[in-house]
Amino acid sequence: MRESHPVERAVGIDYYVSEADGTGGRLRARPEDFRVRERESFDVDVHPVDADSGSYPHLVFRARLSGWDTNDFASTLSNELGISRERVSWAGTKDKHAITTQLFSVKLPDRTELPDLGNADIEILGRAGRPVLFGDLAGNDFDVVVRDAERPENAEVVADELREFAADFDGRADEVAVPNYFGQQRFGSKRPITHRVGLDIVRGDWESAAVRYVCESSEREPENTREAREKIGETRDWQAALDELPGRLRFERAIAARLAEGAETDEDYREALERLPTNLQRMFVNAAQSYAFNRILSERLERGLPFGRPVAGDVVCFADDAGLPDPDRAQTVDEGRVDTVARHCERGRAFVTAPLVGTDTEFGDGEPADIAHGVLDDLDIDPDDFSLPGEFDSTGTHRAIRVTTDLDIAQDPLTLSFSLPKGSYATVIAREFLKADPDDLS
């Protein structure tokens, strides 16, 4: 294994599984260099737009977006419509440095058309009885262009090593595989602190969570933003913060506005965080879970345990009808069933998992459980700590520890084409090839 970039290690990603030098280069030099199309699984009847809006109040549409962050698009659309942003929902979150094709819905019983927004091609599909929900997709297809690659020929060498990892270091598979890390975007590409805020919340330190989100700066931010955060952190003058914080930091401004009304108790700081959109509230705790998950995977790599087949004590999830891991169909593998379950894993019928820790987490037994408990002890958190108010609460789940995909490589320019299941990050594939600063991946 090869040690990862220091910025990645800060979010629990300690290693590359390929030893070869990377191609170098950068992603997202222009939006068209990073194309994502969702593979949808919205299993709901969609009726014509003129169907009864009382029974089918949700207008379902597909949008091809260029230069739009999903949250920003939803906010702009809701503002144009004069409705709450909470009435706009989507299947998967994407960032703005890409061309993305995504599924959305908006609760809009009194309209059949949507406003024109720049760099957004909208195709209205019809009406549905429920909204598009986060997770209503099977996966995403990616075409990723690497600009300014210094060693493009190394892509094939890296791919061969990832095929070896797909075969669990025993031969060579047709597909490539990598650990199913949560990518840098999960934690903040320029300011990776969402997991730190989440850990504050899980530990019950609401003041630290709110203050950290507003005030903790990063050397990768613009200088004026860093200075504003640092000044507010020193003064704790939340009213003045509304003048100091750049207008683009609307979430930080929302927290500061609530704290300016009074910041004396834990409840005040929690209410400030609750001024944020519900999906962002959930994201904090999700990021804490993701960080612990990344740490568990890195420790498993360091110990040399397999990723594509279980060892005694692993929790495996069996495949659902779409061939994806079903956390509701999980079992701990005992010594006598290791070989049997390994055959299921080889055939794509089961997946070795690690916990996204919550109140109902099943840790399994043996060495896999020791790894997970060791990470939680180091973070000073416990499953019961995830029993939290409102959107911050989490029962936890399991996530596959490895992701595999077919891969096509083209040259001039170097282009990687692959598909991933929902929840997996394109950058966990791309990072193995570029071995670059995460800034060059985002």
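Rules and cut-offs
- Residues numbered from 1 in each chain as written.
- Predicted model: local features only at pLDDT ≥ 70, side-chain atom pairs only at ≥ 80, totals over all residues.
- Heavy atoms only, no water.
- Helix = DSSP H or I, 4+ residues; strand = E, 2+ residues; numbered from the N terminus.
- Rg over C-alpha atoms; globule rule 2.2 N^0.38 Å.
- Buried < 20%, exposed > 50% of the residue type's maximum accessible area, 1.4 Å probe, protein only.
- Pairing = 2+ DSSP bridges.
- Axes fitted to C-alpha atoms, helices over the stretch in contact; angles between N-to-C directions.
- Contact = heavy atoms within 4.5 Å.
- Core = buried A, V, L, I, M, F, W, Y, C linked by side-chain atoms within 4.5 Å.
- Polar contact = N/O pair within 3.5 Å; in protein donor to acceptor, adjacent residues only side chain to side chain.
- Patch = residues over 30% accessible without salt bridge, like charges linked within 9 Å, V, L, I, M, F, W, Y side chains within 5 Å.
- Areas by Shrake-Rupley, 256 points an atom, 1.4 Å probe, with all protein chains shown as cover.
- Salt bridge = Lys/Arg side-chain N within 4 Å of Asp/Glu carboxyl O.
- Lys, Arg positive; Asp, Glu negative; His and termini not counted.
- Charge placed at Lys NZ, Arg CZ, Asp CG, Glu CD.
- Expected span 1.5 Å × (residues − 1).
- Bend = angle between axes of the 7 residues up to and from the residue.

Enquirer: Help me understand the overall build of the protein in this model?
Expert: Check the secondary structure of the protein and you find 13 helices and 16 strands. Relative to a compact globule of 442 residues, whose C-alpha radius of gyration would be 22 Å, the protein shows 22 Å and is just as compact. Expressed as lengths along the three principal axes of its C-alpha atoms, the size of the protein is roughly 60 × 50 × 45 Å. For the protein, buried positions account for 52% of its 442 residues.

Enquirer: So what exactly am I meant to see when it comes to the sheet that holds strand 12 (residues 350-356) here?
Expert: Hydrogen bonds between backbone groups are what pair the strands of a sheet, and the pairing can be parallel or antiparallel. With antiparallel pairing, four strands are arranged side by side in an open sheet as 11-10-12-13. The outermost strands of the open sheet, each flanked by one partner alone, are strand 11 (325-332) and strand 13 (397-400). Each adjacent strand pair in this sheet contributes to an overall mean axis angle of 50°, direction not counted. One ladder, built from four bridges, connects strand 10 (residues 315-319) with strand 11; its direction is antiparallel. Of the residues in strand 11, the one forming a bridge with V316 is Q331. Here helix 10 (residues 278-303) sits on the sheet and contacts strand 12 and strand 13; the angle it forms with strand 12, its principal contact strand, is near 125°.

Enquirer: Would you mind showing me how to read the nonpolar core here?
Expert: Soluble, globular proteins show a tendency: their nonpolar side chains are buried together. In this structure, I201, W238, I255, L273, F418 and F433 are the most contacted members of the largest nonpolar core, which totals 101 residues. Sort the elements by how many residues they give to this core and helix 10 lands first, with 11 residues. When neighbours within four sequence positions are excluded, I255 is seen to be in contact with A210, Y213, V214, A272, L273 and L276. Listed in part, the 18 residues of the second largest apolar core include W68, F73, L114 and L117.

Enquirer: I tried to follow the side chain of S298 on my own but got confused; where do I start?
Expert: In this fold, S298 is placed in helix 10. The exposure class assigned to S298 is buried, which follows from its relative accessible area of 1%. Here Y181 takes part through its side chain, which lies 2.9 Å from a polar atom of the side chain of S298.

Enquirer: Sorry if this is basic, but what is going on with unusual backbone geometry here?
Expert: Across the chain, the bulk of peptide bonds are trans and the bulk of non-glycine residues have phi less than zero. Cis geometry is found at the peptide bond from D412 to P413, where omega equals 0°. One non-glycine residue, R28, lies in the positive phi region at around 60°. Considering the arrangement of structural elements, one finds R28 in the loop between strand 2 (15-16) and strand 3 (34-40). Since its relative accessible area comes to 9%, R28 is described here as buried. Its identity as a non-glycine residue notwithstanding, R236 has a phi of 55°, on the positive side.

Enquirer: Would you mind going over a negative patch on the surface with me for this structure?
Expert: Taken together, the side chains of D334, E335, D339, E362 and D365 make up a negatively charged region of the molecular surface. Of note, D334 is situated in the loop between strand 11 and helix 11 (338-346). Since its relative accessible area comes to 44%, D334 is described here as partly exposed.

Enquirer: Would you mind showing me how to read helix 3 (residues 154-166) here?
Expert: At 3.6 residues per turn, the α-helix brings residues three or four places apart onto the same side. When the terminal C-alpha atoms of helix 3 are compared, their 19 Å separation across 13 residues agrees well with the 18 Å that a helix rising 1.5 Å per residue should span. Every buried residue of helix 3 is listed here: N154, A155, V158, A159, E161, L162, R163, F165 and A166. Looking at the buried positions of helix 3, the neighbouring elements they touch are strand 9 (176-179), helix 10, strand 14 (402-405), strand 15 (407-410), strand 16 (414-421) and helix 13 (426-434).

Enquirer: Looking at this model, I keep getting lost on helix 10. Mind explaining?
Expert: Helix length check: helix 10, at 26 residues, gives a terminal C-alpha distance of 38 Å against a target of 38 Å (1.5 Å per residue), a fit within 8%. The largest bend along helix 10 measures about 25° and falls at F284. Positive phi appears at G304, one or two residues downstream of helix 10, with a value of about 75°.

Enquirer: Sorry, what's going on with the pattern of salt bridges here?
Expert: Side-chain pairs of opposite charge can arise where the charged atoms are in close proximity. Inspection of every chain in the model, using the stated rule, returns 39 salt bridges. The salt bridge involving E123 is made with R62; its shortest N-O contact spans 3.2 Å. A residue pair is termed long-range when its members are at least 10 positions apart, and E123 in strand 7 (residues 120-128) and R62 in strand 4 (residues 58-66) qualify at 61 residues. Its relative accessible area of 18% is what places R62 among the buried residues. For D160, the salt bridge is made with R163, and the minimal N-O distance between the two is 2.9 Å. Residue D160 and its partner R163 are both found in helix 3; the two are separated by three residues, about one turn of the helix. A residue is classified by how much of its surface remains accessible, and D160, at 30% relative accessible area, is partly exposed. Salt bridges sharing common partners tie together K190, R220, D437 and D439.

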